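Observations on the model geometry
Here is what each chain is made of, one letter per residue.
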Amino acid sequence: MQVESILEHGTGSVNEDFLLVEENLFGVFDGATSLTPETYEHGHTGGFLASNLAGEEFRKNHGTMEELAQRANKVIRQEMAQRNINLNSKKDLWSTSAAVVRVQDNRMEWAQIGDCRIVCIYESGDFEFLCRCQDQDLETLSMWKKIGPSTEEPIGVAMHEQITKVRCRMNLDYGVFNGEPEAIDFLQAGIHDLTGVRNILLFTDGLLMPNELPWEERDYKEQVDLFRQSGLKGLRDRIRNIEATDLGCRTYPRFKTHDDIAAVAINM
């Protein structure tokens, strides 16, 4: 295997993504930006701590994917409890999405929760997402597309109430690791045969092509083609160049001018 990876800080205060490349284990974790201003040791946010705690638990690489996921979720809860976080208030919880694969022989174990993606690209040119992500931000970004041009406020201010409403639906409408036992009900996991697979891609949503109309279903072909032509870094450059034409996030609705990126390409 040949492995290409990216871990890149966006325009937030800290990089809340976490990258895992450890022997035959690969993962990306996307910590959700906290809705409270509280930070912890070294200025770390709840999103940073959630993604790093989960990633380090998976790094131990001991047990099934489901067992690793349960332990990752549990350690987030333990660390929040030690810092007296109100575990009954969803908006206070640290949370992270994740996508992890373990490659062995001609098969791959995988686990996913939230909006991180796992894509297999085949020698035939076809590609396949191993799981379908729940797009919890669809309503928010659709609303922002409509009101963005008429307000001078950034999206986080203008849409704060809506963003909080969606966050409070964690592990009710969509899943994330946030210490709640219900998170495991949203975990997707399986074993995938790697016969005919040329590339395996894992990435956080910072590596998604900007989408001008969030209510329309994404066409991932352009994204996959760009990766085939120029690798992860070429794809990253194309995304960053598009985002740079829309600093206010109004043409291409999104939460940050440049989101954090964690991505891995495993080339078979």
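This text goes with the structure placed above it.
This one's a predicted model, so the numbers in the text were calculated from it and none came from an experiment. (Residues numbered from 1 in each chain as written. Predicted model: local features only at pLDDT ≥ 70, side-chain atom pairs only at ≥ 80, totals over all residues. Heavy atoms only, no water.)

Concerning the packing of helix H1 (residues 46-59) against helix H2 (residues 65-82)
The geometry of a pair of packed helices is captured by two quantities: the angle between their axes and the separation between those axes. Where H1 meets H2, the closest approach of the two axes is 8 Å, and the angle between their N-to-C directions is 140 degrees. It follows that H1 is oblique to H2 by the angle criterion. For H1 against H2, the interelement crossing comes out right-handed. In this structure, H1 uses Ala 50, Leu 53, Ala 54, Glu 57 and Phe 58 to contact H2, whose residues at the interface are Met 65, Leu 68, Ala 69, Arg 71, Ala 72, Val 75, Ile 76 and Glu 79. For the contact of H1 with H2, the residue count by class is 10 nonpolar, no polar and 3 charged. (Axes fitted to C-alpha atoms, helices over the stretch in contact; angles between N-to-C directions. Helix = DSSP H or I, 4+ residues; strand = E, 2+ residues; numbered from the N terminus. Parallel < 35°, antiparallel > 145°, perpendicular 65-115°, else oblique. Left-handed = near helix turned anticlockwise from the far one by under 90°. Contact = heavy atoms within 4.5 Å. Nonpolar A, V, L, I, M, F, W, Y, C, P; charged D, E, K, R; others polar.)

What about the layout of surface pockets?
Size it by volume and the second largest pocket reaches roughly 230 Å³. If you trace the second largest pocket, you find it lined by Met 209, Pro 210, Asn 211, Leu 213, Glu 216, Glu 217, Arg 218, Asp 219, Tyr 220, Glu 222, Gln 223 and Ile 242. Residue classes in the lining of the second largest pocket are distributed as 5 nonpolar, 2 polar and 5 charged. (1 Å grid on protein atoms, 1.4 Å probe; cavity = no way out; pocket = protein on both sides within 12 Å on 5 of 7 lines; lining within 4 Å. Points joined across faces, edges and corners; volume = space filled by probe spheres on them.)

Overview of the pattern of salt bridges
In the structure shown here, the tally under the stated rule is 20 salt bridges. Taking the shortest distance from any N to any O, the salt bridge between Glu 8 and Arg 240 comes out at 3.0 Å. In this pair, Glu 8 sits in strand E1 (residues 2-8) while Arg 240 sits in helix H6 (residues 221-244), placing the two residues 232 residues apart along the sequence. Salt bridges linked by common partners bring Glu 8, Arg 236, Asp 237, Arg 240 and Glu 243 together as one network. (Salt bridge = Lys/Arg side-chain N within 4 Å of Asp/Glu carboxyl O.)

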